[in-house]
Amino acid sequence: MKKLTINEIAEKAGVSKTTVSFYLNGKANKMSEETQQRIQQIIDETGYEPSAAARAMKAKCSGLIGVILKDAADPYCARALKGMGEAAGETEYQILIGSSGYTFKNEREHVERMLKAGAEGFIIQATYRFGMLAGELEKKRKPIIYLEAKPYDFKGRYVKGNNYDCVYQVITECIKKGYGDFLMISDGESSMGTAFENTAGYRDALQDAGLEGRTLYVQSGARSAQIFEALKDELDLSLHTLIYVAAPELLKAVFQALRSLPDYERLFPEHLGLIGFDPEGWTRMTSPPVSAIIPPAQEEGKRAMTELLELLDGKKKDTEVVFKNIVKWRGTTV
C-alpha cells in the first residue's frame, strides 16, 4: 500500500493538515473526541508513520497566532475574536491578542512581542502604514490576513464587510422614504479602517441624488449629555431629519441623547429618523427599536482565521472575502 502524506490523511479524515499535525505531535487536548478518532482510524488503517524529518520540523511550530485589533474590548472586535477562537479551536492554535488603538507605534510593538513569542502568522486590523511592517513579516514567512482594515500597499488576503455598498444603499433607501434633511454623526476618524467606507457611502449616496447632507463631529466616547447639547443646535424637526451614525461606538450615546427630547418616542419616525451600526444587538431591545446595520463580526473573524490556517497549510492563493451586512429597519425609521 502506498504510504500516505499528512495532506492525504487530512483529506480522508475531513480535517486540515494543521489538525493532523497537532494530533501527531500530541497536542490534541482541545480537539474533539470525534476528530481524534477519525484521524486515528486513518492512521490505523494505513499504518502511517511520520518521518523523523517531519517530526523535527513540526516540533518547531509554536502553535501561536498573533491577532492585532483596534481594541479587543470593542464589540465588533470581541465578536470577531470569538469567531477566530472557534476556527482555531480544532487545530490547537493559541491566539495572542493585542490592541493597537490604530496607531502604527503600537502595531510595531505588538508585532515585535508576538514574533519573540513565536507567532506563526497574523490577523490584523491594520493602519494605513502597516505595509512597512508587512514586508518584514513576508521575509520571515509569516502570513498575514487583514480584517476590515488594510494598509495602503495591500497585498495578500483580506476579510471585510460591504460597508460602503451597504451604507450607500441605506441612505438611498432613506431618500426614497421621504427624508428631507440628512445629518451624519462621526467621530472624525474617516481615514481609519472601515470609517472611510462608512462616511463615503453616506456622502456619495446624497451626491448622486443631488442632495446635500451635514456632518456633526463628536469625539469618540462622548457622553449622551454632551451629544444632546450639540444636537440641539443641529435639529429642525420640521424638515424630517434622518440621523445616520457612522461610528458604531457612538450610536448608543446618540440614541440616549435623543431620549432627552420632549416626547421623544412621538418623534419617531414621522419627524426624526435614526440608523447606525450595531455589532452588539442592543438596538432590538430599545423603545422604539433602533434601525441598525449589523456587521457579521463573528463570521468575519472565523473566516479570517480559516484563511490564515490555509496559508499556514501552504495554500498560497490571494483572496478578498466580503461579507454582507444585515440591515434591520425598525421603529426609528419610516
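Residues numbered from 1 in each chain as written. Predicted model: local features only at pLDDT ≥ 70, side-chain atom pairs only at ≥ 80, totals over all residues. Heavy atoms only, no water.

Draft legend 1. Representation of the side chain of Asp 278. Along the chain, Asp 278 turns up in the loop between strand E9 (272-277) and strand E10 (291-294). Buried charge without a salt bridge: Asp 278, with Arg 330 as the nearest opposite-charge side chain at an N-O distance of 5.1 Å. In this structure the side chain of Asp 278 is engaged in a polar contact, spanning 3.0 Å, whose partner is the backbone nitrogen of Glu 280. Within the structure, Asp 278 has its side chain in polar contact with the side chain of Thr 283 (distance 2.6 Å). Apart from the residues within four sequence positions on either side, Asp 278 is in contact with Leu 251, Thr 283, Ala 292, Ile 293, Ile 294 and Pro 295. (Helix = DSSP H or I, 4+ residues; strand = E, 2+ residues; numbered from the N terminus. Buried < 20%, exposed > 50% of the residue type's maximum accessible area, 1.4 Å probe, protein only. Lys, Arg positive; Asp, Glu negative; His and termini not counted. Salt bridge = Lys/Arg side-chain N within 4 Å of Asp/Glu carboxyl O. Polar contact = N/O pair within 3.5 Å; in protein donor to acceptor, adjacent residues only side chain to side chain. Contact = heavy atoms within 4.5 Å.)

Draft legend 2. Focus on the sheet that holds strand E5 (residues 157-161). Taken together, the six strands give an open sheet; going across it, the order is E2-E1-E3-E4-E5-E11, and neighbouring strands pair in parallel fashion. Every other strand in the sheet has two partners, leaving strand E2 (94-99) and strand E11 (320-323) as the edge strands with one partner each. Here the average twist between neighbouring strands, direction ignored, is 15°. Alignment of strand E3 (residues 121-124) against strand E4 (residues 144-147), held across three bridges, turns out to be parallel. Note that in E4 the partner of Ile 123 across the bridge is Ile 145. (Pairing = 2+ DSSP bridges. Axes fitted to C-alpha atoms, helices over the stretch in contact; angles between N-to-C directions.)

Draft legend 3. Main features of the environment of Leu 24. As for its placement among the helices and strands, Leu 24 is situated in helix H2 (residues 17-24). If near-sequence neighbours (up to four positions away) are discounted, Leu 24 is found in contact with Ile 6, Ile 43 and Tyr 48.

Draft legend 4. Structural detail: unusual backbone geometry. Cis geometry marks the peptide bond from Phe 268 to Pro 269; its omega dihedral reads -5°. Along the polypeptide, Pro 269 turns up in the loop between helix H12 (264-267) and E9. Looking along the chain, the bond that leaves Ser 287 and enters Pro 288 is cis, with omega of -5°. Checked against the element boundaries, Pro 288 lands in the loop between E9 and E10. Even without being a glycine, His 240 presents a positive backbone phi close to 55°. Within the element layout of this structure, His 240 appears in the loop between helix H10 (224-232) and strand E8 (241-245).

Draft legend 5. Structural context of the side chain of Thr 333. Looking at the secondary structure, you find Thr 333 in the segment after strand E12 (326-328). By relative accessible area, which is 5% here, Thr 333 ends up buried. Side chain to side chain, Thr 333 and Ser 291 meet in a polar contact 2.6 Å long. Residues within four places of Thr 333 in sequence aside, it is in contact with Tyr 179, Leu 242, Pro 269, Leu 274, Ile 275 and Ser 291.

Draft legend 6. Just the sheet that holds strand E7 (residues 214-217), in detail. The strand order across the open sheet formed by six strands is E7-E6-E8-E9-E10-E12, and the pairing between neighbours is mixed. The sheet is open, and its two borders are formed by E7 and E12, each paired with just one other strand. Shown here is a sheet whose adjacent strand axes are inclined to one another by a mean of 20°, direction ignored. Pairing between E9 and E10: three bridges, direction parallel. Its bridge partner being in E10, Gly 276 is matched across the sheet by Ala 292. Against the sheet, helix H11 (residues 251-258) contacts strand E6 (181-186), E8 and E9, and its axis sits at roughly 160° relative to E9.

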